[in-house]
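One letter stands for each residue in the lines below.
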Amino acid sequence: MIEIRELTKIYRMGSVEVRALDGISLEINKGEFVGIMGASGSGKTTLLHMLGLLDQPTSGSIVIDGTDISLLGDYEKTMFRLYKLGYVFQDYALVPDLTVLENVSLSAMLRRDKTQEQTTRDSFEILEKIGLCDRKDHLPRELSGGQQQRVSIARAMVNKPDILFADEPCANLDSENSRMVLDLFREINEGMHQTIVMVSHEDWHKDYFHRIVQLKDGKVISDGVNIRGQDRHTGIDP
Ligand code: ADP
Ligand code: MG
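This write-up is about the structure you can find in this document. (Residues numbered from 1 in each chain as written. Chains lettered and ligands numbered in written order. Predicted model: local features only at pLDDT ≥ 70, side-chain atom pairs only at ≥ 80, totals over all residues. Heavy atoms only, no water.)

## Focus: the sheet that holds strand S1 (residues 2–13)
Next, step 1: The 4 strands are arranged S2-S1-S4-S5 in an open sheet whose pairing can be described as antiparallel. Only two strands of the sheet have a single neighbouring strand rather than two, namely strand S2 (16–28) and strand S5 (67–68).
Next, step 2: Lying over the sheet, helix H1 (residues 44–51) contacts S1, S2 and strand S4 (59–64), oriented at roughly 120° with respect to S1. (Pairing = 2+ DSSP bridges. Helix = DSSP H or I, 4+ residues; strand = E, 2+ residues; numbered from the N terminus. Contact = heavy atoms within 4.5 Å. Axes fitted to C-alpha atoms, helices over the stretch in contact; angles between N-to-C directions.)

What follows is the structure, given as structure tokens:
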């Protein structure tokens, strides 16, 4: 479903060039829970930004579900992101003055093909799945970091994206909250067959991935099935 060919991203700052991605080719299948791993500066965030249509590659191609995204105009890209992709960020990025329910609904409301009743229904449904219905009227600051991150996952999931992207979603969490967030990712991968591409540099997160792509200096240095994560997986649909 995602086909990446010879992807290169060069950042130019004055006369300095940084080759953040250096010819990456990969395929990611429907239903996979893929971990993108590697040291700081290896290109993980850059790769996720390219796949999530948040930035443009210098060269190479990305085809998602048969659509070559380099051929999309700005408006089409926005619609593609809204209808097909979901994002979870390191710092949650919730709107501070909106309640949990409003944060989740906002994302659903942007879709023009849903009525208000449907938006509300979808928001409740996902909050229920994620176990945060009892916090629906709370503001983000009244929640723990782990709960805030689970709200941001609900927000990303409310439109039932084809692909869920997460960039170091546990970076600001202690290990107990990290585990809750990772368990939730596992649940939505296994229960809803959600395709998830998650960036991490924590070794113990490997237990959750059933495939690990390792980056170094903007290149893929290994890519393979993860036995530890594969054990538990049931829903692959290659
Ligand atoms: P990671 O997420 O693995 O830590 P990044 O993708 O953020 O790595 O960065 C890869 C390389 O690209 C690093 O050398 C980083 O300094 C550089 N880089 C990232 N973003 C920019 C930018 N906006 N401008 C210039 N250089 C950047
Ligand atoms: Mg990063």
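Text resumes after the structure shown.
## Things to note about the site of ligand 1
Next, step 1: If you check the shell around ligand 1, you find Tyr 11, Met 13, Val 18, Ala 20, Ala 39, Ser 40, Gly 41, Ser 42, Gly 43, Lys 44, Thr 45 and Thr 46 and nothing else.
Next, step 2: Between ligand 1 and the protein, one listed contact pairs an oxygen atom with a backbone N or O atom of Ser 42 at 3.2 Å.
Next, step 3: Here an oxygen atom of ligand 1 and a side-chain polar atom of Thr 46 are 2.5 Å apart.
Next, step 4: Contact with the protein chains covers 64% of the free accessible surface of ligand 1, which is 560 Å².
Next, step 5: Looking at the shell around ligand 1, the elements that each hand over two or more residues are S1, S2 and H1.
Next, step 6: The leading source of residues in the shell around ligand 1 is H1, at 3 residues.
Next, step 7: When grouped by side-chain class, the residues that make up the shell around ligand 1 number 5 nonpolar, 6 polar and 1 charged. (Near = heavy atom within 4 Å. Polar contact = N/O pair within 3.5 Å; in protein donor to acceptor, adjacent residues only side chain to side chain. Areas by Shrake-Rupley, 256 points an atom, 1.4 Å probe, with all protein chains shown as cover. Nonpolar A, V, L, I, M, F, W, Y, C, P; charged D, E, K, R; others polar.)

## What about the packing of helix H3 (residues 100–109) against helix H4 (residues 116–130)?
Next, step 1: The interhelical angle for the contact between H3 and H4, taken along N-to-C directions, is 125°, at an axis separation of 9 Å. As the angle between them shows, H3 and H4 are arranged oblique. For the crossing formed where H3 meets H4, the hand is right-handed. In this structure, H3 uses Val 100, Leu 101, Val 104, Ser 105, Ala 108 and Met 109 to contact H4, whose residues at the interface are Thr 119, Ser 123, Phe 124, Ile 126 and Leu 127. (Parallel < 35°, antiparallel > 145°, perpendicular 65-115°, else oblique. Left-handed = near helix turned anticlockwise from the far one by under 90°.)

## Some thoughts on the sheet that holds strand S7 (residues 163–167)
Next, step 1: Overall, mixed pairing links the 6 strands, which are arranged S6-S7-S8-S3-S9-S10 in an open sheet. Unpaired on one side and paired on the other, strand S6 (85–88) and strand S10 (219–225) mark the two borders of the sheet. Going from strand to strand, the sheet's axes swing by 15° on average, the running direction of each strand aside.
Next, step 2: Here strand S3 (residues 33–37) pairs with strand S9 (residues 211–216) via 4 bridges, running parallel. The residue of S9 that forms the bridge with Val 34 is Arg 211.
Next, step 3: Along the sheet, H1 makes contact with S3, S6, S7, strand S8 (195–200) and S9, crossing S7 at roughly 155°.

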